[in-house]
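Spelled out, the chains give:
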Amino acid sequence: MARSQSRSKGSAQPPLEPGKVRLYGFEYSPYVQRVHMVLIAKNIPHDVKNIDLKNKPDWFLKLNPAGKVPVLDTGDKVLTESLEIVVFLDKNYPGASLHTTDPEKSAKNREIVEKFEGLRKEFHEAIKDKDYHSPETISSLSLLHSELEKRGTTFLAGSAQPPLEPGKVRLYGFAYSPYVQRVHMVLIAKNIPHDVKSIDLKNKPDWFLKLNPAGKVPVLDTGDKVLTESLDIVVFLDKNYPGTPLRSTDPEKSAKDKEIVKKFEEYAKEFRQFFTDKDFTPSEGTRAFFSLFQSELEKRGTTFLGGDSPGLIDYVIWPWFERMKVARELHGKGDIQIPEDKKIKAARVEAWKNNMEQQKAVKETMHTLEEHVRFAKIRLQNQK
Ligand SMILES: N[C@@H](CCC(=O)N[C@@H](CS)C(=O)NCC(=O)O)C(=O)O
């Protein structure tokens, strides 16, 4: 706090400035600093006047007969007690909300505050006695430390929503999500200026849950629109942004692509069961997808389902092909033995995979088999 003159006994009460709240304080008070920081963080117009605590003016003692700082004067209300003042400011003034709406986090926050309030005496003892040991201080700090670690954030209240960069769309995602990868690949393939921010899915920030109450990634924020559901997002991007169109204009192919995607979504849904159950047998729907995919590749006779370069259909199914060997690795099974009569068809799919791997959008978003296996093991471990 900048040095400024203190009001002593006999001084006149400085009139409030219109549109500003007034904080009465003292330069070195941590309690005053709390309030001052919140006024700044919430951009609340204010001024600060210091009180000579050894010689308090009468008008100040009328505002707060307890004689303590901080005191907040809004013009309508006079408030004392730093904790009550900061909660009042957060509730009643616009600007980013500084409290969590999650009841569990909120209860923990209260516990932390209570612990730190209890440190007041300890703090003075530690200043007086250089050999003072304070188990309470250690336990409060360790609670703070473990909460920060558990929440996986820099701040206890969670991370703040990162502002959009002008001219860029924002993809909220998670590095290993195949649904997010779909969207990321399309952003790259269509050269759409974008950035990607990762969401901690075990500990979702409140502002993220406001964007998508279902709590799932991907979420696309264009500034004008917030979209969820990977398939809806990629179609929106293809329709509304310049760059190579990724969907076929041929009605027959377009209908077939829709049929492939529909069957594919069945497979995507049961995909995780291959990880958890080593004897899982694919459903009728999944088998129908693979057979349609192979026969369409053959019929179209092109490198990709989309033609000589990948179309939306190729990008939409790719992430699961990237992860196809992960379950077999996890269960210690080797590569699939392909029967003689299926080898030609399988070779076509293999060529498709190899060609997909050469695409910029795939190269920039893919993980190696080893990385996928490592991630899958951690996830399975966490589910136990
Ligand atoms: N149908 C959705 C599926 C998205 C989805 O399942 N996302 C997962 C990550 S792969 C997720 O956000 N899980 C976090 C949660 O459900 O809490 C889409 O296509 O976007």
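Each value, and the rule that gives it
Residue positions are given per chain, counted from 1 along the sequence in the order it is written. Only residues with pLDDT of 70 or above have their local features reported here, since the model is predicted, and side-chain atom pairs are shown and tallied only from 80 upward, although totals for entire chains, interfaces and linings are computed over all residues. Side-chain figures throughout are based on the complete set of non-hydrogen atoms in the structure, without hydrogens or water. Put simply, DSSP marks the helices as runs of H or I at least four residues long and the strands as runs of E at least two long, and each gets a number from the N terminus on. As a reference, a globule follows 2.2 Å times the number of residues to the power 0.38, and the radius of gyration itself is taken over C-alpha atoms. Residue contacts are counted whenever heavy atoms from the two residues lie within 4.5 Å of one another. With residues, only the protein chains shown are counted as cover, and all accessible areas are computed by Shrake-Rupley using a 1.4 Å probe. Axes here refer to lines fitted to C-alpha atoms; in helices the fit is confined to the stretch in contact. Angles between the N-to-C directions go from 0 to 180 degrees. By the definition adopted for this analysis, an angle is roughly parallel if under 35 degrees, roughly antiparallel if over 145, roughly perpendicular if from 65 to 115, and oblique otherwise. It is the rotation of the near helix from the far one that decides the hand of a crossing: anticlockwise by less than a right angle makes it left-handed, clockwise makes it right-handed. Amino acid classes used here: Ala, Val, Leu, Ile, Met, Phe, Trp, Tyr, Cys and Pro are nonpolar; Asp, Glu, Lys and Arg are charged; the rest, including Gly, are polar. Paired strands, as defined in this entry, are two strands with at least two bridges between them according to DSSP. Put simply, a nonpolar core is a bunch of buried Ala, Val, Leu, Ile, Met, Phe, Trp, Tyr and Cys residues held in one set by side-chain atoms that sit within 4.5 Å of each other. To sort residues, take the accessible area from a 1.4 Å probe on protein chains only and compare it with the maximum for the residue type: under 20% means buried, over 50% means exposed, and anything in between is partly exposed. Residue ranges assigned to the domains are those given by an automatic or database domain assignment. Any residue with a heavy atom lying within 4 Å of a molecule or strand is counted as near it. A 3.5 Å cut-off defines polar contacts: any pair of N or O atoms within that distance qualifies, except that in protein one atom must be a possible hydrogen donor and the other a possible acceptor, and neighbouring residues in sequence count only when both atoms are side-chain atoms. UniProt positions are given in the numbering used here, feature names are shortened, and annotations may be inferred rather than shown by experiment.

**As for the overall build of the protein chain**
A count of helical and extended segments in the protein chain gives 16 helices and nine strands. The C-alpha radius of gyration computed for the protein chain amounts to 30 Å, which surpasses the reference 21 Å derived for 384 residues by more than 25%, pointing to a less compact arrangement than a globule. Its C-alpha atoms put the protein chain at 100 × 50 × 30 Å along the principal axes. Residue pairs in contact within the protein chain that sit at least 24 positions apart in sequence constitute 68% of those at least 6 positions apart. In the form shown here, the protein chain has an accessible surface area of approximately 22800 Å², with 53% of it arising from carbon and sulfur atoms.

**What about the packing of helix H4 (residues 103-117) against helix H6 (residues 135-151)?**
Viewed as axis vectors pointing N to C, H4 and H6 meet at an angle of 155°, and their least axial separation amounts to 9 Å. Between H4 and H6, the interaxial angle falls into the category roughly antiparallel. Here H4 and H6 pass one another in a crossing that is left-handed. Facing H4, whose interface residues are Lys105, Lys108, Asn109, Glu111, Ile112, Lys115 and Phe116, H6 presents Ser139, Ser140, Leu141, Leu143, Leu144, Glu147, Lys150 and Arg151. Within the contact of H4 with H6, the residues separate by chemical class into five nonpolar, three polar and seven charged.

**Thoughts on the packing of helix H10 (residues 251-276) against helix H12 (residues 312-322)**
For the pair H10 and H12, the least separation of the axes is 10 Å and the interaxial angle reads 15°. Taken together, the axis directions place H10 and H12 in an arrangement best described as roughly parallel. As for the relative orientation of H10 and H12, their crossing is left-handed in sense. On H12, the residues touching Asp257, Ile260, Val261, Phe264, Tyr267, Ala268 and Phe271 of H10 are Ile313, Val316, Ile317 and Trp320. Of the residues assigned to the contact of H10 with H12, the class counts are ten nonpolar, no polar and one charged.

**Looking at the sheet that holds strand E4 (residues 71-73)**
Overall, mixed pairing links the five strands, which are arranged E1-E3-E2-E4-E5 in an open sheet. One side of each edge strand has no neighbouring strand; the edge strands of this open sheet are strand E1 (6-7) and strand E5 (78-80). Across two bridges, E1 lies against strand E3 (residues 46-51) in parallel orientation. Paired with Ser6 across the two strands is Asn50, which belongs to E3. Seen against the sheet, helix H1 (residues 30-41) touches strand E2 (21-25) and E3 and runs at an angle of roughly 155° to E2. The sheet strands contacting helix H3 (residues 82-92) are E4 and E5, and the helix crosses E5 at an angle near 130°.

**Quick notes on the nonpolar core**
Residues Leu187, Leu220, Leu237, Phe293, Ile317, Phe321 and Trp352 are the most contacted members of the largest nonpolar core, which totals 54 residues. Here this core gathers at least three residues from each of two domains, domain 3 (161-246) and domain 4 (247-384). Those residues in contact with Phe293, other than ones at most four positions away along the chain, are Leu305, Ile317, Phe321, Val349 and Trp352. With 19 residues, the next largest nonpolar core counts Val21, Phe60, Ile85 and Val86 among its residues.

**Digging into the site of the ligand**
Neighbouring the ligand are the residues Ser177, Tyr179, Leu201, Lys204, Gly215, Lys216, Val217, Pro218, Glu229 and Ser230. Val217 is positioned such that a nitrogen or oxygen atom in its backbone is 2.8 Å from an oxygen atom of the ligand. In this structure, an oxygen atom belonging to the ligand sits 2.6 Å away from a side-chain N or O atom of Ser230. About the coverage of the ligand: the protein hides 77% of its 520 Å² of free accessible area. For the shell around the ligand, the class distribution of residues is four nonpolar, three polar and three charged.

**Considerations on the UniProt feature "domain: GST N-terminal" (unreviewed entry) in the protein chain**
According to UniProt, the feature "domain: GST N-terminal" (unreviewed entry) maps to residues 19-97 and 167-245 in the numbering used here. Summarising residues 167-245: 37% helix, 20% strand, and an end-to-end C-alpha distance of 20 Å.

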